Amino acid sequence: MKNIDIKKSVTQKVVLPNANKYISVYIQREDLIHPYVNGNKYYKLKYNLEKAKDEKIATLLTFGGAYSNHIYATAAAAKISGFKSIGIIRGEEYQPLNSTLQFAVSNGMKLYYLDRKTYRRRTDPEFREEIAKKFGRVYIVPEGGTNELAVKGAAEIIDNIDVEYDYLCTAVGSGGTIAGLIAGSDGKRKIIGFPAIKNGGYLADDIRQLLKKAEIKDEGNWSLQTNYHLGGFAKLKIEQLDFIKEFVNINNVPLDFIYTSKMLYGINNLIEKEYFEEGSRIVAIHTGGLQGNLGMKEKVSRVLEHY
Ligand SMILES: *Cc1c(COP(=O)(O)O)cnc(C)c1O
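This write-up is about the structure you can find in this document. (Residues numbered from 1 in each chain as written. Predicted model: local features only at pLDDT ≥ 70, side-chain atom pairs only at ≥ 80, totals over all residues. Heavy atoms only, no water.)

Bringing the pairing of strand β5 (residues 109-114) into the picture now. Direction of pairing for strand β4 (residues 84-90) relative to β5: parallel, over a ladder of 6 bridges. Looking across to β5, one finds that Gly87 is bridged to Leu111. Handedness of the β4-helix α3 (residues 99-106)-β5 crossover: right-handed. (Pairing = 2+ DSSP bridges. Helix = DSSP H or I, 4+ residues; strand = E, 2+ residues; numbered from the N terminus. Right-handed = clockwise from strand over helix to strand, strands pointing away.)

Put into structure tokens, the structure is as follows:
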């Protein structure tokens, strides 16, 4: 993809509030590779866009919520790479559009809205036929961008890490990114995922399915920490906001509210609980998502007012 600069993804040493001198933490700055197509979303789209191009399909169609980082990145990636794009958005249309959807539209994405019930049918074969009838020949990127090609792309994140490490951590939404890290790690080192949703334990099965589909041998060198959703997807707690403030003060690295800050909050808490052995080196992936912070502003002030 044009203009993406992988070299900007540096491995940066950071200090966590519970830091102790026996544990080193680094953050892999995938948020820096491009202003719009960054974080894990770039890697997940990379081979999907190549395939669409190979198949000479001119239009990408994908799905997501109204604040979705994936919708945002797909709109920008489509524009950069010369595709048309269609976004099927979960829920009703609200005017004026929020900043995520405004950005998508300004990058040429055509938006269609589906009520939540119909949206749930998005992977049904009959529904896919309806899409084909309505939109003609389109390349469908699944919600969140997760498929086998996303796993192949996300595996490349590993190549950017330039320190030795024992643990690799990532936030988890659909599981595509952690599956890629598992694929890229060849069974070496331990990989820990931090689901951003409540009751995320079921994601372990999704991840195993995805690995199987992508023909990746599962060495079992990974696990999920399901207790760091901090109230649930896109929910905020005051302790999370306090943590972000402290982390940003110390390290001057911006974090998003939905994914990376919850992962780092979790890592910080696990350090306190002496989960990691002495001498452990941890690399946490900064998966981007900063565009979403604009849409969280009101929620943040509500939480702060309450305290
Ligand atoms: C989409 C997203 C994730 C989740 O990635 P999955 O591959 O769906 O698990 C994590 N972090 C950020 C910032 C994201 O935008």
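There's more to say after this.
Per the stated rule, a full pass over the model turns up 12 aromatic pairs. Measuring from ring centre to ring centre gives 6.3 Å for Phe63 and Tyr119, while their planes differ by 80 degrees; the resulting arrangement is edge-to-face. Taken as a pair, Phe63 in strand β3 (residues 59-64) and Tyr119 in helix α4 (residues 116-119) lie far apart in primary sequence, 56 residues in all. With respect to class, Phe63 is no different from Tyr119; both count as buried. A connected cluster of aromatic rings, assembled from ring pairs, spans Tyr36, Tyr72 and Phe103. Across the ring face of Tyr259, the terminal group of Lys41 is positioned such that the distance to the ring centre comes to 5.9 Å. (Phe/Tyr/Trp six-rings, centres within 6.5 Å; stacked < 30°, edge-to-face > 60°. Buried < 20%, exposed > 50% of the residue type's maximum accessible area, 1.4 Å probe, protein only. Lys NZ or Arg CZ within 6 Å of the ring centre and 35° of its normal.)

Now for the sheet that holds strand β2 (residues 24-29). Spatially, β1-β2-β10-β7-β8-β9 is the arrangement adopted by the 6 strands of the open sheet, whose pairing is mixed. The open sheet has two edge strands with one neighbour each: β1 (11-14) and β9 (222-224). Taking each pair of neighbouring strands and ignoring which way they run, the sheet shows an average axis angle of 25 degrees. Taken together, the 3 bridges between strand β8 (residues 190-195) and β9 define a ladder with parallel strand orientation. Looking at β9, one finds that Gly193 is bridged to Leu224. Packing of helix α7 (residues 176-185) onto the sheet brings it into contact with β7 (167-172), β8, β9 and β10 (281-286), and relative to β8 it is tilted by some 180 degrees. Contacting β2, β7, β8 and β10, helix α10 (residues 260-272) crosses the sheet at an angle of about 165 degrees to β10. (Axes fitted to C-alpha atoms, helices over the stretch in contact; angles between N-to-C directions. Contact = heavy atoms within 4.5 Å.)

Neighbouring the ligand are 14 residues; Lys41, Lys44, Asn69, Ser174 and Thr177 lie closest to it. In this structure, an oxygen atom belonging to the ligand sits 2.8 Å away from a main-chain N or O atom of Gly175. Coverage of the ligand by the protein amounts to 97% of the 380 Å² it exposes when considered alone. Elements represented by at least two residues in the shell around the ligand include exactly α1 (40-54) and α7. Each of domain 1 (11-35 + 154-306) and domain 2 (40-145) accounts for three or more of the residues forming the shell around the ligand. (Near = heavy atom within 4 Å. Polar contact = N/O pair within 3.5 Å; in protein donor to acceptor, adjacent residues only side chain to side chain. Areas by Shrake-Rupley, 256 points an atom, 1.4 Å probe, with all protein chains shown as cover. Domains from an automatic or database assignment.)

Angle between the axes and distance between the axes: these two values describe a pair of packed helices. For the pair helix α2 (residues 69-81) and α3, the least separation of the axes is 9 Å and the interaxial angle reads 15 degrees. Here α2 is positioned roughly parallel relative to α3, judged by the angle of their axes. Classified by chirality, the crossing of α3 by α2 is left-handed. Touching Ile71, Tyr72, Ala75, Ala76 and Lys79 of α2 are Thr100, Leu101, Phe103, Ala104 and Ser106, all from α3. Of the residues in the contact of α2 with α3, the class split is 7 nonpolar, 2 polar and 1 charged. (Parallel < 35°, antiparallel > 145°, perpendicular 65-115°, else oblique. Left-handed = near helix turned anticlockwise from the far one by under 90°. Nonpolar A, V, L, I, M, F, W, Y, C, P; charged D, E, K, R; others polar.)

Another aspect to go through is the side chain of Ser261. One can find Ser261 in helix α10. Given the relative accessible area of 0%, Ser261 is considered buried. At 3.0 Å, the side chain of Ser261 forms a polar contact with the side chain of Gln240. Other than its neighbours up to four places away in sequence, Ser261 contacts Gln240, Phe243, Ile244, Leu255 and Asp256.

Within helix α5 (residues 125-135) the residues assigned to the buried category are Phe127, Ile131 and Phe135. End-on view of α5: buried residues confined to an arc of 55 degrees, all on one side of the axis. Relative to its buried face, α5 has exposed residues pointing more than 90 degrees away, namely Pro125, Glu129 and Lys133. Where α5 is buried, its residues contact β3, β4, β5, α4 and β6 (139-141). Immediately downstream of α5, the backbone of Gly136 shows phi near 75 degrees, a positive value. (Arc of directions from axis to C-beta.)

On to the packing of helix α9 (residues 238-251) against α10. Contact pair α9 / α10: the axes reach a minimum separation of 10 Å and the direction vectors enclose 85 degrees. By the angle class used here, α9 and α10 are roughly perpendicular. Contacts between α9 and α10 involve Glu239, Gln240, Phe243, Ile244 and Phe247 from the first element and Ser261, Lys262, Leu264, Tyr265 and Asn268 from the second. Grouping the constituent residues of the contact of α9 with α10 by class yields 5 nonpolar, 3 polar and 2 charged.

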